[in-house]
Amino acid sequence: MSLALKRPLVLCALFLSLALPAAAQPLAPKAQRDLAVLVTAYPGLVAAIETAPAGRATLVLSDGTRLPYDDGRSKSQEELLNAPDIEDMLAQPYPLGPVTAEPAPGFSPGRRRVEPLFMALYGHDKAAVTANCRPVPFLGQTMAFNTRFGAADAFARAQQRLARLVAADPSLRRYLLPASGGVVWRVIAGTSRLSVHSFAAAVDVSPKGNPYWRNLPRGTNLLPTRQAFPVAVVEAFEVEGFIWGGKWSEFDLMHFEYRPELILLARLARGENLPLADIGGLLRVAR
Ligand SMILES: [Zn+2]
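Small disclaimer: the values here were computed from a predicted structure and weren't measured. Each chain has its residues counted from 1, following the order in which its sequence is written. A pLDDT threshold of at least 70 governs which residues receive local features in this predicted model, and a stricter bar of 80 or more applies before side-chain atom pairs are shown or counted, although totals over entire chains, interfaces and linings include all residues. The side-chain quantities take in all heavy atoms of the structure and omit both hydrogens and water.

Undergrad: Just give me the short version of the pattern of salt bridges, but keep the residues and values in it.
TA: Should a side-chain nitrogen of Lys or Arg be within 4 Å of a carboxyl oxygen of Asp or Glu, the pair is scored as a salt bridge. Counting across every chain of the model gives 17 salt bridges. Across the pair D34 and R33 runs a salt bridge whose closest N-O atoms are separated by 2.8 Å. Accessibility here uses a 1.4 Å probe with only protein chains present; expressed as a share of the type maximum, an area under 20% marks a residue as buried, one over 50% as exposed, and anything in between as partly exposed. When its relative accessible area of 36% is taken as the criterion, R33 is described as partly exposed. Here D88 and K75 are joined by a salt bridge, their closest N and O atoms 2.4 Å apart. A residue pair is termed long-range when its members are at least 10 positions apart, and D88 in helix 4 (residues 86-89) and K75 in the loop between strand 3 (66-68) and helix 3 (77-82) qualify at 13 residues. The network of salt bridges with common partners includes D71, K75, D85 and D88. Helix numbering and strand numbering both begin at the N terminus, where a helix is a DSSP run of H or I of at least 4 residues and a strand a DSSP run of E of at least 2.

Given below as structure tokens:
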């Protein structure tokens, strides 16, 4: 083609690219999957996903909060806990079922929490969280649990499973009771991060009987204790979208919290064919 012909074509292409509305940038497959999992686990949480060049994505939540999927920063283990982005929060795969090995140091899937996301999910302060709760029976006790995004309903279903287990094997009671939950607006011991108990989306079962990592000497081999905890109890929670702190390197054997996005990721990872929300309609071009 002659130079004389090429120039009008280039100008024409340039004109078209300026005149047409910019198309949403495609997301990388991992970002696509993570965001579809988040939207599936918490329907209505994400109002839009803004895409920018190089596949960068910003979530716009229903309360107006804007969160980067990947903030592009490399972080220490401590920073990953203190200031995770969505990608960091979902990066450690939660292992379903029985504990088979001691977790590597720092492997605590679910401990990285994007705090503004939890505020958008469950309430921005103690009064808002309290207003979102309803009482749920728990093996003869009653505790407030957050009703938003199906959390209280999932907790009630887990409780029904546990009640059947305890009826068949009363020796399980000592692992579960007394339990403590409700709205406990506080930071995690030794940190400035809000505990998920602040949002009434977690329960501590038999806090006196089940160990917590800060209460034992560092380097304590906890594998036998983790494995002695009844798997049936763990699975009753997991099947309803709860993760167990007994699978964390910084172990918290009394702790179960509602994290349906991590359970969904785990079920996909073991090959279950689960339908995910189509996020195509949420994509917007960043301005
Ligand atoms: Zn707890």
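Okay, back to it.
Undergrad: I'd like a rundown of the coordination of the zinc ion, residues and numbers included.
TA: The protein atoms that coordinate the zinc ion are H197 (NE2), D204 (OD) and H255 (ND1), at distances spanning 2.0 to 2.1 Å. For H197, a relative accessible area of 4% translates into the label buried. In this listing, donors mean N, O and S atoms no farther than 2.8 Å from the metal, or 3.2 Å for Na, K and Ca; water is missing from the atoms, so a site can look incomplete.

Undergrad: Help me get a handle on the packing of aromatic side chains, residues and values and all.
TA: By convention, a stacked pair of Phe, Tyr or Trp rings (six-membered ring in the case of Trp) has centres within 6.5 Å and planes under 30 degrees apart, an edge-to-face pair has planes over 60 apart, and any other such pair is tilted. With the rule as written, the count across this model stands at 16 aromatic pairs. Geometrically, the ring pair formed by F145 and F242 is tilted, given 6.1 Å between the ring centres and 55° between the ring planes. Linking F145 in strand 5 (residues 141-146) with F242 in strand 8 (residues 242-244), this pair joins segments that are 97 residues apart in sequence. The pair F145 / F242 is uniform in exposure class, with both members buried.

Undergrad: Could you give an account of the sheet that holds strand 1 (residues 46-52), naming the residues involved and the relevant values?
TA: A pair of strands is treated as paired once DSSP finds two or more bridges between them. In space, the four strands of this open sheet follow the order 3-2-1-10, with mixed pairing throughout. Lying at the two open borders of the sheet, with one neighbouring strand each, are strand 3 and strand 10 (283-285). Across the sheet, the axes of successive neighbouring strands diverge by a mean angle of 30°, strand direction being ignored. Where strand 2 (residues 56-61) meets strand 3, three bridges bridge the pair, whose relative direction is antiparallel. For T58, the partnering residue across the bridge sits in strand 3 and is P68. Only C-alpha atoms enter the line fits that serve as axes; for helices the fit covers just the stretch in contact. Angles between N-to-C directions range over 0 to 180 degrees.

Undergrad: Report on the sheet that holds strand 7 (residues 202-205), specifying residues and quantitative values.
TA: The strand order across the open sheet formed by four strands is 6-7-9-8, and the pairing between neighbours is antiparallel. Single-partner strands in this sheet number two, and they are strand 6 (179-180) and strand 8. Where strand 7 and strand 9 (residues 255-258) come together, three bridges link them in antiparallel fashion. Of the residues in strand 9, the one forming a bridge with D204 is H255.

Undergrad: Can you explain the pairing of strand 4 (residues 133-138)? Please cite residues and give values.
TA: As paired strands, strand 4 and strand 5 are joined by six bridges and run antiparallel to one another. The partner of R134 across the bridge, within strand 5, is F145. Connecting strand 4 to the next strand, strand 5, in antiparallel fashion are two residues, including L139 with a positive phi near 50°.

Undergrad: Before we move on, can you summarise helix 11 (residues 260-269) with the specific residues and values?
TA: With seven of ten residues buried, helix 11 lies mostly within the body of the structure. By the burial criterion, the buried members of helix 11 are P260, E261, L262, I263, L264, L265 and A266. The elements touched by buried residues of helix 11 are helix 2 (29-41), helix 4, helix 10 (231-238), strand 8 and strand 9. Immediately downstream of helix 11, the backbone of G271 shows phi near 95°, a positive value. Contacts were defined at the residue level, with two residues in contact if any of their heavy atoms lie within 4.5 Å.

Undergrad: Describe the nonpolar core, listing the residues and the values that go with them.
TA: L45, L117, Y122, F138, F155, F237 and F256 are the most contacted members of the largest nonpolar core, which has 78 residues in total. Tallying contributions element by element places helix 7 (residues 151-168) first for this core, with eight residues. The contact partners of L117, leaving out residues within four places of it in the chain, are L38, L45, L61, L67, I86 and M89. Here, nonpolar core means buried Ala, Val, Leu, Ile, Met, Phe, Trp, Tyr and Cys residues that are tied together by side-chain atoms lying within 4.5 Å of each other.

Undergrad: Explain the side chain of D85 to me, using residue names and the numbers behind them.
TA: Inspection of the secondary structure puts D85 in the loop between helix 3 and helix 4. When its relative accessible area of 4% is taken as the criterion, D85 is described as buried. Within 3.5 Å is the distance limit for a polar contact, defined as a pair of N or O atoms, with the added protein rule that one can donate a hydrogen and the other accept it, and that residues adjacent in sequence qualify only through two side-chain atoms. Engagement of the side chain of D85 in a polar contact is seen with the backbone nitrogen of D88, the distance being 2.8 Å. Other than its neighbours up to four places away in sequence, D85 contacts P68, Y69, D70, D71, G72, K75 and V114.

Undergrad: Tell me what's going on with the packing of helix 7 against helix 10, and back it up with residues and numbers.
TA: Relative orientation of the contacting elements helix 7 and helix 10 amounts to 155°, with a least axis distance of 8 Å. In terms of their interaxial angle, helix 7 and helix 10 are classed as roughly antiparallel. Judged by the sense of rotation from one axis to the other, the crossing of helix 7 with helix 10 is right-handed. Facing F155, A158, R161, L162 and L165 of helix 7, the residues of helix 10 in contact are A232, V233, A236 and F237. For classification purposes, an angle smaller than 35 degrees is called roughly parallel, one larger than 145 roughly antiparallel, one from 65 to 115 roughly perpendicular, and anything else oblique. Each crossing gets its hand from how the near helix is turned against the far one by less than a right angle, where anticlockwise is left-handed and clockwise is right-handed.

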